[in-house]
Amino acid sequence: MTDIYDCHEKLQRDAEFLCSHQKMDTELVDQLVLQLNRIYPQILSDKEAHRFRNLSVPTEVRLEELLTHLYLKGEEACHEFYRGLHIHAEDVYTNLPTRVTERDTADPNWIFDVTSSPERYVLNDRGPMFFLSCFSFLVGVAMLYYYGEVDTLKCTGPFLQCSAVAISQGAKDILISYTEV
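Quantities reported herein were computed from a predicted structural model and do not represent experimental measurements. Within each chain, residue numbers correspond to sequence positions counted from 1 in written order. With the structure being a predicted model, the display of local features is reserved for residues of pLDDT at least 70 and the display and counting of side-chain atom pairs for 80 or more, all residues being used for whole-chain, interface and lining totals. Only hydrogens and water are removed before side-chain values are computed, so all heavy atoms of the structure are retained for them.

### Description of the overall build of the chain
Then, in step 1: By the criteria applied, helices consist of DSSP H or I runs no shorter than four residues and strands consist of E runs no shorter than two, each listed in order from the N terminus. The secondary structure content of the chain amounts to 10 helices and 0 strands.
Then, in step 2: When the elements of the chain are put in sequence order from the N terminus, they spell out α-α-α-α-α-α-α-α-α-α.
Then, in step 3: Type-normalised accessible area, obtained with a 1.4 Å probe on protein chains alone, sets the label of each residue: buried when under 20%, exposed when over 50%, and partly exposed for intermediate values. For the chain, with 181 residues in total, the buried portion stands at 28%.
Then, in step 4: Contact definition: two residues touch when any of their heavy atoms are within 4.5 Å. Counting only contacts in the chain whose residues sit at least 6 apart along the sequence, the fraction spanning at least 24 positions is 58%.
Then, in step 5: With the model as given, the accessible surface of the chain reaches about 12,600 Å², and the carbon-plus-sulfur share is 58%. A 1.4 Å probe and the Shrake-Rupley method give the accessible areas. Residues count as covered only by the protein chains that appear here.

### Digging into the packing of helix α1 (residues 7-20) against helix α4 (residues 59-73)
Then, in step 1: The axes used here are C-alpha line fits, helices contributing only the stretch in contact, and every angle between their N-to-C directions lies in the interval 0 to 180 degrees. Orientation of α1 relative to α4, taken along the N-to-C sense of each, is 175°, at an axis distance of 10 Å. Comparing the axis directions of α1 and α4 gives the class roughly antiparallel. Every residue of α4 that contacts α1 at His8, Leu11, Gln12, Ala15, Leu18 and Cys19 is listed here: Glu60, Leu63, Glu64, Leu67, Leu70 and Tyr71.
Then, in step 2: Basically, the charged four are Asp, Glu, Lys and Arg, the nonpolar ten are Ala, Val, Leu, Ile, Met, Phe, Trp, Tyr, Cys and Pro, and anything else, Gly included, counts as polar. Residue composition of the contact of α1 with α4, grouped by class: 8 nonpolar, 2 polar and 2 charged. An angle counts as roughly parallel when it lies under 35 degrees, as roughly antiparallel when it exceeds 145, as roughly perpendicular when it falls between 65 and 115, and as oblique in every other case.

### Quick word on the packing of helix α2 (residues 26-39) against α4
Then, in step 1: At their nearest, the axes of α2 and α4 sit 10 Å apart, and the two run at 30° to each other. With respect to their mutual orientation, α2 and α4 come out roughly parallel. Taken as a pair, α2 and α4 cross one another with a handedness that is left-handed. In this structure, α2 contributes Thr26, Val29, Asp30, Val33 and Leu36 to the contact, and α4 contributes Thr59, Arg62, Leu63, Leu66 and Leu70. When the near helix sits turned anticlockwise from the far one by under a right angle, the crossing is termed left-handed; a clockwise turn instead gives a right-handed crossing.

### A short note on a nonpolar patch on the surface
Then, in step 1: A residue counts toward a patch only above 30% relative accessible area and without a salt bridge, and it is joined to like-charged neighbours within 9 Å or, for Val, Leu, Ile, Met, Phe, Trp and Tyr, to nonpolar neighbours within 5 Å. Salt bridges are counted wherever a side-chain nitrogen of Lys or Arg sits within 4 Å of a carboxyl oxygen of Asp or Glu. Judged by side-chain polarity, Met129, Phe131, Leu132, Phe135, Val139, Met143, Tyr146 and Tyr147 come together as a nonpolar surface patch covering roughly 970 Å² of accessible area.
Then, in step 2: By the secondary structure assignment, Tyr146 is in helix α8 (residues 128-147).

See below:
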């Protein structure tokens, strides 16, 4: 899916939401500042990080200054801020106005409907017990073949050759070569 806005424009549109969101608390702002400072010191230097982590300034003011600073730094800084926000506060990230707009404009007419693709679900009608019984049977045959005595190996060879009829050519070659050995 392509972005409607680049990160630079997104930050400008999301700034008001971010500054007013209750989950953008002191701890989250500090985590974002530390991530930007430690991983991307070219985006946020130590001096700038110290300024944005100053607890004597209210969190809303620090966040607003941080967003303005990142906006002035450019596209890469905004992108890394969104990446950090996605890592540390996914619920805030998914509720951003630009993210909601992207979801709405991606394909507003698309509705998930099971009846639209029934062939996908045809194989699931037998249930998990059928799968477990088939899997257990194959595990038993494999154990019999690999760990069985010499007499039992003679009786599994024809069975494995007959079972190769229903599988692909590459698997047939491997299975038949095992039975010949």
